[in-house]
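Fold and contact review
Next come the chains, spelled out residue by residue.
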Amino acid sequence: MAYVINESCIACGACESECPVSCISAGDNVYVIDEDVCIDCGSCANVCPVDAPQQK
Ligand code: SF4
Ligand code: SF4
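Residues numbered from 1 in each chain as written. Chains lettered and ligands numbered in written order. Predicted model: local features only at pLDDT ≥ 70, side-chain atom pairs only at ≥ 80, totals over all residues. Heavy atoms only, no water.

1. So, the pattern of salt bridges
Close approach of charged atoms lets side chains of opposite charge pair. Tallied over the entire structure, the rule returns one salt bridge. Here Glu35 and Lys56 are joined by a salt bridge, their closest N and O atoms 2.8 Å apart. Of this pair, Glu35 sits in the loop between strand 3 (31–33) and helix 1 (43–47) while Lys56 is found in the segment after strand 4 (53–55), placing the two residues 21 residues apart along the sequence. Exposure remark for Glu35: the relative accessible area of 36% places this residue in the partly exposed category. (Salt bridge = Lys/Arg side-chain N within 4 Å of Asp/Glu carboxyl O. Helix = DSSP H or I, 4+ residues; strand = E, 2+ residues; numbered from the N terminus. Buried < 20%, exposed > 50% of the residue type's maximum accessible area, 1.4 Å probe, protein only.)

In structure tokens form, the structure reads like this:
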């Protein structure tokens, strides 16, 4: 299981520093999660103002 960031992301960057395994980075338009590294903790979803990280 992993989280993915959908197109509602406003690229605020709040989630990046919250990830315990540092698998979130800025993409071209939205932030991106490395699904191979994500441990499904949900911290990104908890801090996101627009609910963009969703569990796959
Ligand atoms: Fe990082 Fe946790 Fe979000 Fe996965 S669910 S991207 S491990 S903060
Ligand atoms: Fe995008 Fe939400 Fe992360 Fe901000 S906290 S960069 S809106 S996914």
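Next comes the rest of the description.
2. Comments concerning the state of the cysteines
Applying the stated rule across the entire model yields zero disulfides. Distance from the sulfur of Cys23, which forms no disulfide, to the nearest cysteine sulfur (Cys19) is 3.6 Å. (Disulfide = S-S within 2.5 Å.)

3. Quick look at the site of ligand 2
Among the 14 residues in the neighbourhood of ligand 2, the closest are listed as Cys9, Cys12, Gly13, Cys15 and Cys48. Of the residues assigned to the shell around ligand 2, the class counts are 13 nonpolar, one polar and no charged. (Near = heavy atom within 4 Å. Nonpolar A, V, L, I, M, F, W, Y, C, P; charged D, E, K, R; others polar.)

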